[in-house]
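What follows is the residue order along each chain.
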Amino acid sequence: DTSTPVMLHVGKTKFRARVRHFAGKIPGFIFSNYRQVTFALRALVPNEDYIKILHAMWRELTPLGINDPDVIDYLRSVPPSRDGLPKEQMVMRYGEGMTNQLRNTLKDSLRNFINSDNTFILELQEMIEAVNVALFVINVFSIVITVISLTLSFFVLLVSFSANVSENSWEFGVLRAVGLNKLQMVKVYVYESLALMMSAGILGFIVGIFSCSIMTYQFTQISELPFSLSLPPLVMLFTICSSILVAILAPYHATRELKDKQIANIVKGL
């Protein structure tokens, strides 16, 4: 409730404050909408109010307050600022048209002023590039796993259809005897393979999307990020095309030897 004043306790000192806004996410700061972690979150206050809070905190720690030698040494150890407040971080925004060379030059120049091992530079563009590289590696890994799975599926389909054709060779010969040509007989097995592949693929796609959506939603609820489900189009297109190719080649290869035999030999099982 932003209309109700709050009481801020700094040791024995109390400050009456007014909340302007409750933030869930602010770039560069840790905020959350969960009440369970509010004790570890931060508040954004004007510099003038922060100076009063800081002095009150120092008075709680030492009777001399800001004039204590330890406090003076601490203020001397931190980077200087115009308002005399110690800074935890500095946020910079690049101008439009900033090249990689200029960004690297700026980072190298900033590192010359860093004398502490606890101070480091984080660049958003580098983090995005690292994430893109990781996603590319994951996509390549997924394609490799898909190729291995489809190769194994090809041999499984080949063995299955070879056994199916051998067991139903009499039906194959009867259909040839009633007028079906070689190409039509091959199409019968190809259509059967495509039907199996499409039914299994659609069912697997639905189950996979459902499971992925649940896991993504759980992650977004914990991290308080917006729910976004993006599918890899390259991997999906490669998987669909490869599955169709396997579903066509396996029955074609299984019926290649039988379709060239004479109808009488097929019916007799020779």
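Our structure is the block above this text.
Residues numbered from 1 in each chain as written. Predicted model: local features only at pLDDT ≥ 70, side-chain atom pairs only at ≥ 80, totals over all residues. Heavy atoms only, no water.

### Description of the overall build of the protein
At step 1: A count of helical and extended segments in the protein gives eight helices and two strands.
At step 2: Here the protein, with 270 residues, has 19% of them falling under the buried criterion.
At step 3: Of all intrachain contacts in the protein linking residues separated by at least 6 positions in sequence, the fraction that spans at least 24 positions is 55%.
At step 4: Put simply, the protein shows about 20,700 Å² of open surface, and 64% of that area lies on carbon and sulfur atoms. (Helix = DSSP H or I, 4+ residues; strand = E, 2+ residues; numbered from the N terminus. Buried < 20%, exposed > 50% of the residue type's maximum accessible area, 1.4 Å probe, protein only. Contact = heavy atoms within 4.5 Å. Areas by Shrake-Rupley, 256 points an atom, 1.4 Å probe, with all protein chains shown as cover.)

### Considering a nonpolar patch on the surface
At step 1: Judged by side-chain polarity, Val-133, Phe-136, Val-137, Val-140, Phe-141, Val-144, Ile-145, Ile-148 and Leu-152 come together as a nonpolar surface patch covering roughly 850 Å² of accessible area.
At step 2: For Ile-145, the location among the structural elements is in helix H4 (residues 124–167).
At step 3: On the basis of relative accessibility, which here comes to 38%, the residue Ile-145 falls in the partly exposed class. (Patch = residues over 30% accessible without salt bridge, like charges linked within 9 Å, V, L, I, M, F, W, Y side chains within 5 Å. Salt bridge = Lys/Arg side-chain N within 4 Å of Asp/Glu carboxyl O.)

### Notes on the pairing of strand E2 (residues 13–17)
At step 1: Where strand E1 (residues 6–10) and E2 come together, five bridges link them in antiparallel fashion. Pairing of Val-10 across the sheet is with Thr-13, part of E2.
At step 2: Between E1 and E2, which pair antiparallel one after the other, the connecting turn spans two residues, and Gly-11 there sits at a positive phi close to 65°. (Pairing = 2+ DSSP bridges.)

### A closer look at the nonpolar core
At step 1: Formed by Leu-158, Phe-161, Phe-172, Met-185, Tyr-189 and Ala-254, the largest nonpolar core amounts to six residues.
At step 2: When residues of this core are traced back to their parent elements, those giving at least two are H4 and helix H6 (182–223).
At step 3: In contact with Leu-158, other than residues within four places in its own chain, are Ala-250, His-253 and Ala-254. (Core = buried A, V, L, I, M, F, W, Y, C linked by side-chain atoms within 4.5 Å.)

### A short note on the pattern of salt bridges
At step 1: In this structure the tally under the stated criterion is four salt bridges.
At step 2: The closest approach of N and O atoms between Arg-103 and Glu-123, which form a salt bridge, is 2.2 Å. Residue Arg-103 is found in helix H3 (residues 100–111), and its partner Glu-123 is found in the loop between H3 and H4; the two are separated by 20 residues along the sequence.
At step 3: Residue Glu-123 is classed as buried on the basis of its relative accessible area, which comes to 5%.
At step 4: One salt bridge in this structure joins Lys-107 and Glu-126, with 2.0 Å as the shortest N-O distance. Taken as a pair, Lys-107 in helix H3 and Glu-126 in helix H4 lie far apart in primary sequence, 19 residues in all.
At step 5: Judged by its relative accessible area of 5%, Lys-107 is buried.
At step 6: By sharing partners, the salt bridges in this structure join Arg-103, Lys-107, Glu-123, Glu-126 and Glu-129 into a single network.

Just geometry here; none of it tells us what the structure is for.
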